[in-house]
Amino acid sequence: MALILHVTSFFLILTKLTIGQREVTVQKGPLFRAEGYPVSIGCNVTGYQGPSEQHFQWSVYLPTAPAQEIQIISTLDATFSYAVYAQRVRSREIYVERVRGNSIFLHISKLQMKDSGEYECHTPNTDERYYGSYSAKTNLIVIPDTLSVAMTPQTLSKEEGEPLELTCEASKATAQHTHLSVTWYLMQDGERSQASKIISLSKDFMLIPGLSYTERFAAGDVRLDKLGVATFRLSIGRLRPADQGQLFCEATEWIQDPDETWTFITKKQTDQTTLRIQPAVRDFHVNITAESTVPEGKPLELICLVVGGGQNPQLQGTWFFNNIETARLDAGGVLGLKKDYQERANQGQLQVSKLSPRAFSLKIFSVGPEDEGAYRCAVAEVTRAQMGPWQVLQSKQSPDSLVHLRKPAARNVVVSTKNKQQAVWEGETLTLFCKADGAESPLSVTWWHVPQDQTQPEFVAGMGQDGTVQLGASYGELDNPSNTRLEKMDWASFQLKITSTTVTDSGTYECRVSERTRNQGRELNWTQKISVTVKPLKSSLQVNLLSRQPQVKLTNTFDLSCVVRAGYPDLKVPLTVMWQFQPAGSRDFDLLVRIAHNGTIEWGDFLPQFQKKTKVSQSSFLSQLLIHDATEEEAGVYQCKVEVYGGHCLHTNGPSRASAVSHPLRIAVTLPESKLEVNSSSQVQEISINSNTDIECSILSQSTGNLQLAIIWYFHPISTDASWLKILEMDRTNVVKYGDEFQSPRRKQKFHAERVSQGLFQLHLLNVEDSDQGKYYCAVREWLRSANSTWHQLGEKQSGLTELKLRPTGSKVRVSKVYWTENATEHREAAIRCSLESAGSPASLFSATWYRNRGNPASEMLVHLQQDGSLEYGEEGLRRRLLSYRSSPTDFVLQFQRVEMEDAGMYWCKVAEWQLHGNPSKWVAQASDESQPVVLTVLPSEPTLPSRICSSAPLLYFLVICPFVMLFLLLISLLCLCWKSRKLSTLSLNAQKEKDLWVGLKGAGGRTTNRTEEDDEDS
């Protein structure tokens, strides 16, 4: 099999050499590297011909000029580098390392942010012909160095065996996905050039101990923990003298390249912490402490304390009673008890424990006569190898401690309440104390409750001498087991706590204290009583709804405060607040938001946008809503409802104890007052014909908020009877709409609107001509957008008038001002004429525009005869009825093809003179003049036969239907004639047959019978 693989590889190499295809490869990008750190990019060429040692050239294409090649370094040409990289190449900051004849590395020792770009590796051709790829590219992205590592430098003095904890803060803020590794080092005195690793957290999140700390790491003595996001803690359980030196932390940031290899991009070290270790002193001695006289039934605790010795020694303790070993607790925490003491420990009467590394405890919870005697403890310092047996290093004993019993005495009992208050609010915690005096001894207690207006006591709770608690039937329900608690504060003090009281908890409480000793056959009892009152919450609950701004401006912010007043301000009772809203025109209140007593917030669905713009805040007795961007939807009546719960209801769904509703509060939302001011001063502009001009509309002040302006430009021609015309409107969305009289392409090209700045608008007029003379002004409308995307107009202002005049050019058009009337007959042709007083200059052309007024305030343009003879109609329907032409140099004619009755009215013409101006030349209106109105009266036409027929509906119907009736009658007559003709022909044929029969009878008498039969057969 191996032979087959070698042969296959040989033929593959032979095939590739035969093909001779060159291939250049570089490390796959993009490569992310940090500023100030090195980078190495490999380049390799295969499939080439020529010498085995190939040359390489490195270039870069920067993001600022991606098409421009910048040469960096070459193995062939020492002068290859551009000036921007030459100095770094000479200083060996950038250099090339040849690995093999066909493989190199580009090294940049210290990256700069400007080194980001697309790097290209190129190999000059050494082949007989070009075949393959001769260059390859990869992207290098230089990112900022965001790694930070810090540890407060300090000098620590520790004793051998003490623990050590050091923390190191290491963080990064790289946008790319990177991993962080943290390593702790120790640099021992005299070895400053060589640091040994203690432990590290690798980039793969694995803990790796140093060579000299492997065993201690396995035993758990050396740890590295990550606390939070950026804190790394080194923990050494028991210091050794070899741990002395300088400790520091090193953090390294790693990134995974596209070829799935990990590369470090940043590395930093902290300042050093100096650690000094004092060797431990191991000698110690043992003391024992205990009370010499103890009442019978009371607890007894003996403490064995070790003084001196080394740091954190491993100790085991042994207890002796009357020189007999009773208990042993080894260094590993394993407890061994003698048989009788084991039974008492199982019953909870005895406990052996280790209070601290140097203190052992023997506790007897109820001392009896059998516990009187001499106690002694022995302590041994031990050690052991891993998982081996314990070995005693040294052992010491304490002196004997004698214990005697003391007999119990009579007692008094005192019952009181917390803060001496015998009245609490409903839901408040009721705390009762019962304290007995006298000598310390095991006591038991029972609590009884006599409700108001009752005499039979109820059992509340009890505690035996062993600490067992028993609750009464009505105080220990399964669904609320923590409502009543009985605790033992000390040997003679007991506390009864009812955490969530109700009104039924009022009444008298009785505490009964009992004592029983081992040598007494009967039980001693002591009793005391106290009266308690529970006040209902609803008796003093009030809710008020307030607002500082009942009148709210649109888009402004307003607040609502629900203030709860009660006679228990210091009582932290859970509250549920429900905010309700009644819109205008509605009789019902809808839920806006509900802040439950357990902290949950439930939003209503009446106003969908309400949640997004409302801030809810709530404290003990105050709930507030802060509503931003007020809209008309929020106008209406508000009210708040408050429900009071018991303290135990925070985690349950219990019913409310009291509730109250505030008075309704109406909030009105109005539009803010407009502060729009527009420059109202008038001005006159006198300009030359065919020039351009700008008319300004200046905003002096405007309101604040989410506002937009709409600008409308108006124009009033010089003509006395002309009305104001809307040129164009730039609405609040900057969409421009031209007026009805300015829809033509020529007019749209002439007039342009522009917003120059926040408070300045301009109307641009191009190639001003005579018809543009007149007065201009702008109307500014201020629009406010509310939070629900509704627009409201706040105000409107008009600017001053700007009168536009043309400087005299010497041209003057005079139209005949003769007033005359014209009569025309309906359905016939008619013509109206307009005459010039003079023919004008030979270099001038004239245009004529015909207008009509049929009694309305506004006039309408009928047809415009342009200077080049083309016609432009006001309405497309007039094209087939009207015609305008110039009949002579001074006469213009408006001809009606067919006059209708609605054509009656006043007609006049406006004649403009046009001349060539400018370079290149362009026809420009020089001057214009209007004629006097011509009154056209339309007379009804004389009726004709066709018109009379068409005007009479019955006659018209008769003439249409009569031909069809006549044709039908004619067809019936023809059918009758045909029927009559056929009938006569049949009769004639029958007569002829009869005649022939009689002739035959006369000629052949004997054949009459046969002939008759034959005739019958023929019939």
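Predicted, not measured: the structure shown is a model, and the values here were computed from it.

Q: Help me out: how do you make sense of empty space enclosed by the protein in this one?
A: Gaps left between atoms are located by rolling a probe of water-molecule size over the structure's atoms. Evaluated as defined, the whole model comprises 1 cavity of 30 Å³ or more. If you add up the space inside the largest cavity, you get close to 30 Å³. Q609, F610, K613, T631, E633, E634, A787 and N788 are the residues that line the largest cavity. Looking at the lining of the largest cavity residue by residue, the class counts come to 2 nonpolar, 3 polar and 3 charged.

Q: Help me out: how do you make sense of the environment of I198 in this one?
A: One can find I198 in strand β14 (residues 196–201). The spatial distance from the C-alpha of I198 to the C-alpha of W184 is 5.5 Å, given a sequence separation of 14 residues. The residues touching I198, leaving out its near neighbours within four places in the chain, are W184, Y185, L186, P209, G210, Y213, V222, L234 and L247.

Q: I keep staring at the state of the cysteines and nothing clicks. Help me out?
A: Simply put, the disulfide is a covalent bond whose two ends are the sulfur atoms of two cysteines. Summed over all chains, the structure comprises 7 disulfides. Across the disulfide from C43 sits C121; the S-S distance is 2.0 Å. The chirality of the disulfide connecting C43 with C121 is left-handed, given an S-S dihedral of about -85 degrees. Placement of the pair is C43 in strand β3 (residues 39–46) and C121 in strand β8 (residues 117–122), with a sequence separation of 78 residues. Comparing C43 with C121 shows no difference in burial state: the two are buried. Each sulfur of the disulfide joining C834 and C909 lies 1.8 Å from the other. One end of the pair, C834, is in strand β65 (residues 830–835); the other, C909, is in strand β71 (residues 905–917), and 75 residues separate them in sequence.

Q: So what exactly am I meant to see when it comes to the pairing of strand β13 (residues 178–187) here?
A: Strand residues, when the strand is regular, have side chains that alternate between the two faces of the sheet. The buried fraction of β13 is high, at 10 of 10 residues. Burial along β13 is two-sided: T178, L180, V182, W184 and L186 and H179, S181, T183, Y185 and M187, pointing in opposite directions, are all buried. As judged from the 10 bridges shared by β13 and strand β18 (residues 245–256), these two strands associate in the antiparallel manner. Each bridged residue has a counterpart across the sheet, and for Y185 the counterpart in β18 is F248. Examined bridge by bridge, β13 and β14 share 5 bridges and lie antiparallel to one another. Looking at the pairing, W184 lines up with I199 of β14.

Q: Would you mind going over the pattern of salt bridges with me for this structure?
A: Here the idea is simple: oppositely charged side chains can pair when their charged atoms come close. Applying the stated rule across the entire model yields 26 salt bridges. Taking the shortest distance from any N to any O, the salt bridge between R33 and D257 comes out at 3.0 Å. Of this pair, R33 sits in strand β2 (residues 31–34) while D257 sits in the loop between β18 and β19 (262–269), and the two are 224 residues apart along the sequence. Its relative accessible area of 4% is what places R33 among the buried residues. Judged by relative accessible area, D257 falls into the buried class, the value being 4%. What emerges from the salt-bridge pattern is a single network uniting R852, E860, R881 and D903.

Q: When you look at the confidence of the model for the chain in this model, what are you seeing that I'm missing?
A: Do not read the fine detail of predicted coordinates wherever pLDDT is low. Mean pLDDT over the chain works out to 83, with 89% of the residues at or above the 70 mark. Overall, residues 1003–1019 carries pLDDT values under 50, and its contacts beyond four positions in sequence, including any with other chains, amount to 2 contacts.

Q: Teacher, can you tell me more about the sheet that holds strand β12 (residues 164–171) here?
A: Strand-to-strand pairing in sheets goes through backbone hydrogen bonds, with the strands running parallel or antiparallel. Judged by pairing direction, the sheet is antiparallel, and its 4 strands sit side by side in the order β10-β12-β17-β16 without closing on themselves. Strands at the two margins of the open sheet, each flanked by one partner only, are β10 (148–150) and β16 (222–227). Strand-to-strand, the axes of this sheet are offset by a mean angle of 20 degrees, without reference to chain direction. Relative to strand β17 (residues 231–236), β16 is paired through 6 bridges, and the arrangement is antiparallel. Paired with K226 across the strands is F232, a residue of β17.

Q: Could you clarify how one ought to interpret the environment of S444 in this entry?
A: Among the secondary structure elements, S444 is positioned in strand β35 (residues 443–451). Exposure remark for S444: the relative accessible area of 13% places this residue in the buried category. With 81 residues separating them along the chain, S444 and N525 place their C-alpha atoms 9.4 Å apart. If sequence neighbours within four positions are ignored, S444 has contacts with M463, G464, Q465, R512, V513, S514 and E523.

Q: Can you walk me through the pairing of strand β60 (residues 760–765) in this structure?
A: With 6 of 6 residues buried, β60 is to be regarded as a mostly interior element. Residues L760, Q762 and H764 line one face of β60 and the alternating positions F761, L763 and L765 line the opposite face, and both faces are buried. Looking at chain direction, strand β55 (residues 693–701) and β60 are connected through 6 bridges and run antiparallel. Among the inter-strand pairings, S698 is bridged to a residue of β60, identified as L760. Of the pairings in the sheet, the one linking strand β59 (residues 751–757) to β60 comprises 6 bridges and is antiparallel in character.

Q: How should I be thinking about the packing of aromatic side chains in this particular structure?
A: Each pair of aromatic rings is reported with the distance of its centres and the angle of its planes. Scanning all chains against the criterion turns up 13 aromatic pairs. Relative to Y638, the ring of F558 lies with its centre 6.4 Å away and its plane at 65 degrees, an arrangement referred to as edge-to-face. You can see F558 sitting in strand β44 (residues 558–565) and its partner Y638 sitting in strand β50 (residues 636–644), a full 80 residues away along the chain. An identical accessibility class is assigned to F558 and Y638; each is buried. Taken together, the ring pairs connect F558, F581 and Y638 into an aromatic cluster. A cation over a ring is seen here: K396 above F284, with NZ or CZ 5.4 Å from the ring centre.

What counts, and where the lines are drawn
Residues numbered from 1 in each chain as written. Predicted model: local features only at pLDDT ≥ 70, side-chain atom pairs only at ≥ 80, totals over all residues. Heavy atoms only, no water. 1 Å grid on protein atoms, 1.4 Å probe; cavity = no way out; pocket = protein on both sides within 12 Å on 5 of 7 lines; lining within 4 Å. Points joined across faces, edges and corners; volume = space filled by probe spheres on them. Nonpolar A, V, L, I, M, F, W, Y, C, P; charged D, E, K, R; others polar. Helix = DSSP H or I, 4+ residues; strand = E, 2+ residues; numbered from the N terminus. Contact = heavy atoms within 4.5 Å. Disulfide = S-S within 2.5 Å. Buried < 20%, exposed > 50% of the residue type's maximum accessible area, 1.4 Å probe, protein only. Pairing = 2+ DSSP bridges. Salt bridge = Lys/Arg side-chain N within 4 Å of Asp/Glu carboxyl O. pLDDT = per-residue confidence, 0-100. Axes fitted to C-alpha atoms, helices over the stretch in contact; angles between N-to-C directions. Phe/Tyr/Trp six-rings, centres within 6.5 Å; stacked < 30°, edge-to-face > 60°. Lys NZ or Arg CZ within 6 Å of the ring centre and 35° of its normal.

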